[in-house]
Amino acid sequence: MEKTLYRLLIFICFPGVLSAQNTLGYELRKGDVFTIEQKAEQHITQSLDDTSHELTNRVSGVIQFRVMDQNDSTYLLEFMFQDLIFKIESSLQGVLFDVHAGEPKAGDTQAAIFNALLNTPVQMKLSRQGKILEVVGGEQMISKVLEQSGLPEGFSRSVMKKSLEQQYGSEALAESYEQMTYFYPEKPVRSNDHWSNRFEGKLEARNTWKLDSLTTTRTYISGEAGIVMKTDEPSNSMRLEGKQQTTLIADRKTGFIREMTVRSDAEGISTAAQMGAVEIPTTINSIVTYRLIAQKHVQ
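As the structure is a computational prediction, the values presented were derived from the model and not from experiment.

Draft legend 1. Local environment of the side chain of T181. Within the secondary structure, T181 is located in helix α5 (residues 170-181). Residues in contact with T181, not counting those within four places in the same chain, are Y26, L126, Q129, G130 and I132.

This is how it looks when you write it as structure tokens:
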């Protein structure tokens with residue numbers, strides 16, 4: 001009777017003692033294969049005097065990640081695009097770009113060029129918290145696209161190479177997909193605990209994450225961030241600041257996401273070389289979703 005009362009008093013007075021801490025992170029096996037569907041929609045509004053110009057960018061794709069090797073602290077993944085779709089619409093000029101890389105039509109040079117991005121493996125080294133430590137192979141993928149383009153050596157080919165590097169170079173891929181992977185804490189946490197990390201690059205984000213809840217099969221995490229979006233190129237520059245919200249559901253066993261939504265809103269100033277030093281008020285609103293559509297293990 002006394003022992004029972006003693007345990008009850010401990011539970012009432014010190015409930016945190018019995019609140020379990022959880023070590024969150026990736027627990028992957030060599031041969032694990034995850035296929036993710038990504039969809040992104042971005043609305044850009046530029047206003048000057050009494051006029052405005054709106055651009056809508058839509059990008060979707062299917063990406064496969066395969067675990068090639070593992071050790072105590074990192075994983076080596078093979079990453080490849082299996083499909084990519086791009087569409088850009090202007091409120092003033094209509095459709096500017098419309099490409100389905102996975103289904104190039106006869107005579108569609110742009111689709112044929114971007115088809116070269118598909119099924120070209122790139123290697124990615126990932127920490128157990130999801131930080132992308134290194135990407136190798138982006139340059140080979142870009143070389144494949146340039147060869148497919150048929151452009152001779154010269155100015156046009158150099159411009160195209162520079163543009164591709166900003167999107168698909170090894171460094172650019174690491175910055176882009178870290179958003180999808182890097183959200184786990186360094187230390188064990190309880191439900192409702194918070195932790196922080198940062199993303200660097202063209203999108204800088206100071207993230208605060210929260211463990212919302214756990215079940216036997218799922219991990220629920222949300223995040224808020226202050227963001228800075230910036231580019232500084234000869235043709236244009238931009239600096240915007242705003243906020244970003246993330247919600248995700250991850251597999252409790254592997255740590256890999258099952259669903260993830262990232263919403264961001266930012267505003268600031270952009271400039272274009274052809275308009276001199278004119279500063280254009282600019283806003284960008286975007287939503288990116290990731291969804292696991294297939295998972296398997298291969299020997």
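Moving on from the model shown.
Draft legend 2. Up close: the packing of helix α4 (residues 155-168) against α5. Between α4 and α5, the least distance of the axes is 5 Å, while the angle of their chain directions is 35°. Every residue of α5 that contacts α4 at E165, Q166, Q167 and Y168 is listed here: S170, A172 and L173. For the contact of α4 with α5, the residue count by class is three nonpolar, three polar and one charged.

Draft legend 3. Geometry of the pattern of salt bridges. Throughout the structure, instances matching the rule amount to 12 salt bridges. Residue E204 pairs with K230 through a salt bridge whose shortest N-O separation is 2.6 Å. Note that E204 is positioned in strand β8 (residues 203-214) and K230 in strand β9 (residues 218-232), a separation of 26 residues in sequence. Overall, K230 belongs to the partly exposed group, its relative accessible area being 32%. In this structure, R218 and D251 form a salt bridge, with 3.9 Å as the shortest nitrogen-oxygen distance. In this pair, R218 is assigned in strand β9 and D251 in strand β10 (residues 236-251), connecting sequence segments 33 residues apart. Assessed through its relative accessible area of 13%, D251 is described here as buried. Taken together, the shared-partner salt bridges connect E41, R58 and E89 into one network.

Draft legend 4. Quick look at the nonpolar core. Membership of the largest hydrophobic core comes to 66 residues, with the highest contact counts inside it found for F81 and Y168. Here this core gets six residues from one element, more than from any other, and that element is strand β3 (residues 74-90). If sequence neighbours within four positions are ignored, Y168 has contacts with F81, L84, F86, L117, G138, M141, I142 and L173.

Draft legend 5. The arrangement of the packing of aromatic side chains in detail. With the rule as written, the count across this model stands at 16 aromatic pairs. Seen in terms of ring centroids, F65 and F79 are 5.3 Å apart; in terms of plane orientation they differ by 65°. Their pairing is edge-to-face. Placement of the pair is F65 in strand β2 (residues 51-70) and F79 in strand β3, with a sequence separation of 14 residues. Exposure class is identical for F65 and F79. Each is buried. Taken together, the aromatic side chains of Y26, F34, F65, F79, F81, Y168, Y177, F183, Y184, W209 and F256 make up a single cluster linked through ring pairs.

Draft legend 6. Structural detail: the pairing of strand β4 (residues 94-100). Bridging between β3 and β4 involves six bridges; their strand directions are antiparallel. The residue of β4 that forms the bridge with F86 is V99.

Draft legend 7. Layout of unusual backbone geometry. Even without being glycine, D49 reaches a positive phi, approximately 55°. You can see D49 is positioned in the loop between β1 (32-48) and β2. Under the relative-accessibility criterion, D49 is labelled exposed at 78%. Despite not being glycine, N119 has its phi angle at roughly 55°, a positive value. By the secondary structure assignment, N119 is in the loop between α2 (109-114) and β5 (122-127).

Analysis parameters
- Residues numbered from 1 in each chain as written.
- Predicted model: local features only at pLDDT ≥ 70, side-chain atom pairs only at ≥ 80, totals over all residues.
- Heavy atoms only, no water.
- Helix = DSSP H or I, 4+ residues; strand = E, 2+ residues; numbered from the N terminus.
- Contact = heavy atoms within 4.5 Å.
- Axes fitted to C-alpha atoms, helices over the stretch in contact; angles between N-to-C directions.
- Nonpolar A, V, L, I, M, F, W, Y, C, P; charged D, E, K, R; others polar.
- Salt bridge = Lys/Arg side-chain N within 4 Å of Asp/Glu carboxyl O.
- Buried < 20%, exposed > 50% of the residue type's maximum accessible area, 1.4 Å probe, protein only.
- Core = buried A, V, L, I, M, F, W, Y, C linked by side-chain atoms within 4.5 Å.
- Phe/Tyr/Trp six-rings, centres within 6.5 Å; stacked < 30°, edge-to-face > 60°.
- Pairing = 2+ DSSP bridges.

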